[in-house]
Amino acid sequence: MLSSRVARIAKSSRAFSSLSVPVPKFDTVACVGLGLMGHGIAQSAAQSGFNVIAYEEEDRFLESGRSRIEGSLGKMLKREKITQDKYDEIMSRITYTTKVEDLGTSDLVVEAVIENMDLKKKVGDLGQVCKEDAIFASNTSSLSITEMGDVSGRPDRFVGVHFFNPVQMMKLVEVIKTDHTHPEVFDAAKDWVGDINKIAVSCTDTPGFIVNRLLVPFLTQALLMVDRGDASIKDIDISMQLGAGHPMGPLHLADYIGLDTINNIITGWVEKFPDEPAFVTPKCLTEKIEAGDLGRKTGKGFYHWGEGDKRGEAVE
């Protein structure tokens with residue numbers, strides 16, 4: 001017992017030697033994936049003065065990402081939050097490409113592909129075209145940073161950066177370190193988050209990090225109440241709004257997040273951590289997924305949603 005405790009202490013406090021190749025100054029940031037999260041990360045970096053290489057494998061996805069950024073900045077221009085000169089300046093900092101070799105000049109590579117471990121591991125192959133001193137970061141809400149770092153070829157230069165949607169508006173970024181992440185790399189990643197006008201919080205590579213580790217079990221407990229028939233959907237949500245001061249109830253929030261997203265997180269946790277009692281798949285969630293009722297984006301989940309509807313009507 002004592003020897004294992006000593007081993008844990010030694011592991012947590014082990015000294016890191018200096019990096020063989022120093023951490024570069026972040027001038028050029030590559031964003032791999034320009035979907036819901038990736039385009040926001042690219043835009044935020046460009047708005048903050050960084051040169052951005054925006055990468056997608058296919059032209060159709062690249063153009064979709066470009067349109068999202070142009071649309072987002074266009075709204076800011078229309079509302080006079082930026083000038084035309086500022087709009088042009090931000091756009092001039094972004095280079096769009098489908099050529100993987102164009103990522104070679106990046107100082108920081110932020111991967112923002114969908115929540116699929118196999119796809120995220122493939123991004124580790126970019127280590128073969130990127131500079132030796134480049135730092136790699138994965139934007140993920142629940143997947144193991146350690147697992148991705150191990151296949152990247154540079155685990156000491158690998159971190160997690162969990163942005164929140166919509167990236168352009170949400171200030172929080174969870175910065176995740178593994179046992180292999182060098183402290184200088186971790187500090188540089190946190191500094192960069194501050195440089196793009198976000199608030200960085202630190203976390204180890206624990207399932208769900210901070211926010212989702214607390215939030216998802218909270219949501220599943222509400223779903224389990226539905227399973228048991230303890231209370232109605234409407235009454236559960238009103239109770240947490242008026243009794244706990246939450247801006248919206250857990251079932252309402254689940255519909256906003258997407259029931260498929262929640263299910264993907266829970267399913268992965270249940271498979272990897274079967275002995276953790278907080279990780280459980282509620283029956284009503286499985287039924288909604290099987291019926292194709294995924295929440296607000298499909299028009300129905302635990303609420304009925306009309307087009308543009310922000311409140312919905314509870315399904316009873």
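This text goes with the structure placed above it.
Quantities reported herein were computed from a predicted structural model and do not represent experimental measurements.

So, about the pairing of strand S6 (residues 158-163). Buried residues dominate S6, accounting for six of its six residues. Residues Phe158, Gly160 and His162 point to one face of S6 and Val159, Val161 and Phe163 to the other, with burial holding for every one of them. Two elements, strand S5 (residues 135-138) and S6, share three bridges in a ladder whose sense is parallel. What sits directly across from Ala137, in S6, is Val159. With four bridges joining them, S6 and strand S7 (residues 172-177) adopt antiparallel strand pairing. Counterpart to Gly160 in the pairing with S7 is Ile176.

It is worth spelling out helix H4 (residues 84-92) at this point. Those residues of H4 not exposed but buried are Tyr87, Ile90 and Met91. Along H4, the residues classed as buried sweep out an arc of 95° about the axis, all on the same side. The exposed set on the far side of H4, more than 90 degrees from its buried face, consists of Asp85 and Ser92. Buried residues along H4 sit in contact with helix H2 (38-47), helix H3 (59-78) and strand S3 (94-97).

Cut-offs used in this document
Residues numbered from 1 in each chain as written. Predicted model: local features only at pLDDT ≥ 70, side-chain atom pairs only at ≥ 80, totals over all residues. Heavy atoms only, no water. Buried < 20%, exposed > 50% of the residue type's maximum accessible area, 1.4 Å probe, protein only. Helix = DSSP H or I, 4+ residues; strand = E, 2+ residues; numbered from the N terminus. Pairing = 2+ DSSP bridges. Arc of directions from axis to C-beta. Contact = heavy atoms within 4.5 Å.

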